[in-house]
Amino acid sequence: MDNISIVLVEPQGPINVGSVCRCMMNFGCSDLRLVTPCCAYRSLEARRMALKAESMLSRAPVFPNLQRALADCHLAFGTTRRFGKYREDFLTPEQGAAHALSQSPNSRVAFVFGREDRGLHTSELDLCQFFVTIPTDNAYPSMNLSHAVSLLLYELRKGTMDVARVSNDDQIPAQAVDVENMFQHMRRTLLAAEYLDPQNPDHVLRTFRRLFGRTGLNDREVRILQGLWSRIDWIEGERKRLSGRT
């Protein structure tokens, strides 16, 4: 569990933050990351809920956005209960835990939880390679934040007892910051090549995000793709030069 991170995006209740710390300590997970939490996230009531996990609350780093929070992560699972366009191929908590535990112990894996009332935005889910949904009843699908975190951590803890983890340093996924830089380069390149619709370039790009997210990209593969986009940039520049376009 040392390579597992729990990321809370804009948690709105200090009691929920404290409760998450407590359940993380219950299951042996210690890396909590907060994205623009509520002002009182370290209040007395939060510390009371955290109990012996108060130190985790005190040292939890705060980030201005999810991209920064995931910068050093190699794989991210976004939790969501909303279905629809761009939200497909959901994993159950058990499947998500099994996939996370199949990664090298040297890679950092994040489970991302959204706002208590609105969850994660589509743009935030774009930064996650997989989606996890808890199969709650349709009559009342929304779960308490700390309860949802506990359920995911239970599956992870259970999985550590019966999943053999094989280390292969050559197959460690690329860090999120490098993958996102590659996607931004890809976006610019395909826009310049007139492959993407300039009015909605992310429509097609999200398909590529899902495709690469399912397969996973290591450092070498990211460098190869960056080289491909750079080559396309050069070819496109030459094409425009020869055609007299600037």
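This report concerns the structure included in the present document.

Rules of the game
- Sequence order as written defines residue numbering, which begins from 1 separately in each chain.
- Given that this is a predicted model, residues contribute local features only at a pLDDT of at least 70 and side-chain atom pairs are listed and counted only at 80 or more, while totals for whole chains, interfaces and linings are drawn from all residues.
- Heavy atoms from the whole structure form the basis of all side-chain values; hydrogens and water molecules are not counted.
- Only DSSP runs of H or I covering at least 4 residues are called helices, and only runs of E covering at least 2 are called strands; the numbering of each starts at the N terminus.
- The size measure is the radius of gyration over C-alpha atoms, and the globule rule it meets is 2.2 Å times the number of residues to the 0.38 power.
- Only protein chains enter the calculation, and the probe is 1.4 Å; a residue is then buried if its accessible area is under 20% of its type maximum, exposed if over 50%, and partly exposed in between.
- All tallies of charge rest on Lys and Arg as positive and Asp and Glu as negative; His and the ends of each chain are not included.
- Note that the charge is assigned to NZ on lysines, CZ on arginines, CG on aspartates and CD on glutamates.
- This arc is taken over the directions from the axis of the helix to the C-beta atoms.
- Contact between two residues is taken to exist if any of their heavy atoms lie within 4.5 Å; hydrogens are not considered.
- In the sections that follow, a salt bridge refers to a side-chain nitrogen of Lys or Arg positioned within 4 Å of a carboxyl oxygen of Asp or Glu.
- Under this scheme, a helix contributes an axis fitted over its contacting stretch, all axes are lines through C-alpha atoms, and angles between N-to-C directions fall in the 0 to 180 degree range.
- Crossings are sorted by hand: turned counterclockwise from the far helix by less than a right angle, the near helix makes the crossing left-handed, and turned clockwise it makes it right-handed.

Here the focus is the overall build of the chain. Across its full length, the chain carries ten helices and seven strands. Here the C-alpha radius of gyration of the chain, 20 Å, is about what a compact globule of 246 residues would show, namely 18 Å. Classification of the 246 residues of the chain by burial places 47% in the buried group. Distance between charge centroids for the chain: 3 Å, based on 31 positive and 28 negative side chains.

Here we come to helix 5 (residues 93–101). Turning to helix 5, its buried residues are Pro93, Gly96, Ala97, Ala100 and Leu101. The buried residues of helix 5 occupy an angular sector of 125 degrees when the element is viewed end-on, so they sit on one face. Tucked inside the fold, the buried residues of helix 5 contact strand 4 (75–79), strand 5 (90–91), strand 6 (109–113), strand 7 (130–132) and helix 7 (145–160).

Scanning the entire structure with this criterion turns up eleven salt bridges. With its nearest N and O atoms 2.7 Å apart, the salt bridge here joins Glu124 to Arg115. By the burial criterion, Glu124 is buried, and Arg115 matches it. Here Glu155 makes a salt bridge to Lys158, at a shortest N to O gap of 3.1 Å. Within this pair, Glu155 and its partner Lys158 are both found in helix 7, separated by three residues, close to a single helical turn. According to the relative accessible area criterion, Lys158 is partly exposed, its value standing at 30%. Through salt bridges with shared partners, one network takes in Asp31, Arg33, Asp72 and Arg108.

Our focus in this paragraph is the packing of helix 8 (residues 176–192) against helix 9 (residues 202–215). Between helix 8 and helix 9, the least distance of the axes is 11 Å, while the angle of their chain directions is 145 degrees. Between helix 8 and helix 9 the crossing geometry is right-handed. Across the interface between the two elements, Glu180, Met182, Phe183, Gln184, Met186 and Arg187 of helix 8 pack against Asp202, Leu205, Phe208, Arg209 and Phe212 of helix 9.

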